[in-house]
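Coordinate analysis (summary)
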Amino acid sequence: MKPLRLKVNIEKRLDTFNLSVQIEVGAEILVLFGPSGAGKTQTLNAIAGLMTPDAGEITLDGTVFFRSSANKGAAINLPARKRHVGYVFQQYALFPHLSALENVAYALWRQPHAQERAEALLERMHLTELAHRYPHELSGGQQQRVAIARALAMEPRVLLLDEPFSALDSEIRKRLHEDLLRLQAEAELIVIYVTHNLEDAFTVGHRMAVVRNGTIERTGAPRDIYPQTKTPLVMEALATSG
Amino acid sequence: MNWSALMLSLQVTLVATSILFVVGLVLGVFLARFRVPGQIIIEVLIFLPLVLPPSVIGYFLLLALGRGSPIVEWFHVNLLFSWYAAAIASAVVGLPLMFQSARTAIASVDHMLENAARTLGSSELEILWRVTLPLARRGVIAGLILGGARALGEFGATLMVAGNIPGQTQTLPLAIYDAVQARRYEEAQMMVVVITAVAFIGLWCVRQLERPLHKRKTALR
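Rules used throughout
Residues numbered from 1 in each chain as written. Chains lettered and ligands numbered in written order. Predicted model: local features only at pLDDT ≥ 70, side-chain atom pairs only at ≥ 80, totals over all residues. Helix = DSSP H or I, 4+ residues; strand = E, 2+ residues; numbered from the N terminus. Buried ≥ 20, exposed ≤ 12 C-beta atoms within 10 Å, placed from the backbone. Contact = placed C-beta atoms within 7 Å. Pairing = 2+ DSSP bridges. Domains from an automatic or database assignment. Nonpolar A, V, L, I, M, F, W, Y, C, P; charged D, E, K, R; others polar. Axes fitted to C-alpha atoms, helices over the stretch in contact; angles between N-to-C directions. Parallel < 35°, antiparallel > 145°, perpendicular 65-115°, else oblique. Left-handed = near helix turned anticlockwise from the far one by under 90°.

**Side note on the overall build of chain A**
When you go through chain A residue by residue, the secondary structure sums to eight helices and 11 strands. In chain A, buried positions account for 43% of the 242 residues. In chain A, the proportion of contacts linking residues at least 24 apart, taken out of those at least 6 apart, comes to 66%.

Structure representation (structure tokens):
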């Protein structure tokens, strides 16, 4: 498949600050790094179609997700359901009335072989034994695996993750980070990963963008942006990621 | 035991509950999820039957269903003094209970889940059907039982719009009143026991539905 590029250039007036974000992402993991309340989640919401910017443009190659009337041509705001953007939420947001398998099969409703495809996804996320459990019967790490499998079910080209593993302990985080790197490489996904944790940024980020007060301050490879960072955790992360 | 009154009461309650289900759910969804102009006025109107005297509700229903009203003048349908009028009166007094419970349940469904469904390709109607209503269903069922129990006990407005015709519009509460007036206490007693038992079981079910899931031995899903 031809590698795609996601281009985001948006403005939005929020309660406490103005969001003004310009990023371009290819088949890689871009980490949006910054303190909470910096506008990271709002950026993801705009890409997914859950928030409407005041102005600007969001495109995935030829597909226009959003274009305000100020730009060339007519205003476009593609509804979230037509964007095919996978979204993994911080609080998992699994459907509590559906089993793990049913959660993953949710987006495959009315499609052929939904059951088999959902089972295959669960297997990829090492969840086969837990297919018939309900979210409240799963640990945090297991719930987040189900959430990732659910987001991948509709075969998105773009995957957004909002502080996905922040509630999990470091051993589980490490394994999920490995899974994420593998999934990204296999499907050539465009991944945007929001975190306020520098260790996360160093472990999974091919590139990182530092967000502060609604704007992107710097973009680049994690170690170029924070060369002085020498905490043991980061050193270890650097060592394992080569 | 006045069997014809019992059967009629069941019939009236069943129809009233069906009306409650449709009208209460539509109103609950709209007022929980959308900003509707005149929202407070609509809500006050829905809740009015809770505090108005039954005779006043009956009076308004006479205006709404009687001669000169649109349904008589335009559609030539006369419902007054039939069991249909009793069903409508019962639905009107049951609606506030159904509406309140359904709206609260729908409003308390986590917005994040609906957003998740949006990103997974669901239309708004599909989200309502596959996410919101399944998660709100305990509140909806509780509201339906409460509204249905209230409908079963309707007396005053029914008397005014449907009359008290034995075998035609005489429901259990009316039959009890008649039996007591005629000093047929034994007959009244049987009917009192039946109504009280039904109301008790109904409210017990509602309490069960309101209990948090994790406190039950077997999780109902």
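**What about the overall build of chain B?**
In terms of helices and strands, chain B carries 10 helices and zero strands. Secondary structure elements of chain B, listed N to C terminal, follow the sequence α-α-α-α-α-α-α-α-α-α. Principal-axis analysis of the C-alpha atoms gives chain B an extent of 65 × 50 × 25 Å. The buried share of chain B, reckoned over its 221 residues, is 39%.

**Overview of the pairing of strand β8 (residues 158-162) of chain A**
Residues and elements named next belong to chain A. The buried fraction of β8 is high, at five of five residues. Burial along β8 is two-sided: V158, L160 and D162 and L159 and L161, pointing in opposite directions, are all buried. Note that strand β7 (residues 85-88) and β8 share four bridges and pair parallel. Considered in β8, the bridge of G86 is made with L159. One ladder, built from five bridges, connects β8 with strand β9 (residues 190-195); its direction is parallel. Bridged to L160 within β9 is I192.

**Here's the deal with the domain arrangement of chain A**
Residues and elements named next belong to chain A. Structurally, chain A comprises domain 1 (1-83 + 175-242) and domain 2 (85-155). The distance between the C-alpha centroids of domain 1 and domain 2 comes to 24 Å. Counting residues at the interface gives five residues for domain 1 and five residues for domain 2. Those elements that place two or more of their residues in the side of domain 1 that touches domain 2 are α1 (40-48) and α5 (170-187). Among the residues making up the side of domain 1 that touches domain 2, the classes are represented as three nonpolar, no polar and two charged.

**Quick notes on the interface of chain B and chain A**
Chain B puts 14 residues into the contact, and the matching count from chain A is 15 residues. Contributions of two or more residues to the side of chain B that touches chain A are made by α6 (111-119) and α7 (124-152) of chain B. Sorting elements by how many residues they give to the side of chain B that touches chain A places α6 of chain B first, with six residues.

**Some details on the environment of R117 of chain A**
Residue and element names in this part refer to chain A. Relative to the elements of secondary structure, R117 occurs in helix α3 (residues 114-124). R117 gets classed as partly exposed once you count the C-beta atoms within 10 Å, which come to 17. Remark: the alpha-carbon pair of R117 and G220, spanning 103 residues in sequence, is separated by 37 Å. The residues touching R117, leaving out its near neighbours within four places in the chain, are L108 and A153.

**Description of the pairing of strand β3 (residues 29-33) of chain A**
Residue and element names in this part refer to chain A. Most of β3 is tucked away, with five of its five residues classed as buried. By the bridge criterion, five bridges tie β3 to β9 in an arrangement that is parallel. Across the sheet, the residue bridging to V31 is Y193, located in β9. Note: β3 against strand β10 (residues 207-212), four bridges, orientation parallel. Within β10, the position partnered with L32 by the bridge is A209.

**Details of the packing of helix α3 (residues 54-65) of chain B against helix α5 (residues 83-107) of chain B**
Residues and elements named next belong to chain B. Two elements in contact, α3 and α5, have axes separated by 11 Å at closest approach and are oriented at 125°. In terms of orientation, α3 lies oblique with respect to α5. By crossing handedness, the relation of α3 to α5 is classed as right-handed. Here I57, L61 and L65 of α3 come into contact with α5, specifically with A85, I88, A89, V92 and V93. Looking at side-chain class alone, the contact of α3 with α5 contains eight nonpolar, no polar and no charged residues.

**A closer look at unusual backbone geometry**
What is expected of a backbone is that most residues other than glycine have negative phi and most peptide bonds are trans. The phi torsion at A93 of chain A lies on the positive side, around 55°, for a residue other than glycine. Structurally, A93 of chain A is set in the loop between β7 and α2 (100-105). Residue A93 of chain A is classed as buried on the basis of its C-beta count, with 24 C-beta atoms lying within 10 Å. Its identity is not glycine, yet H76 of chain B carries a phi of approximately 55°, on the positive side. Tracing the backbone through its elements, the reader meets H76 of chain B in the loop between α4 (70-73) and α5.

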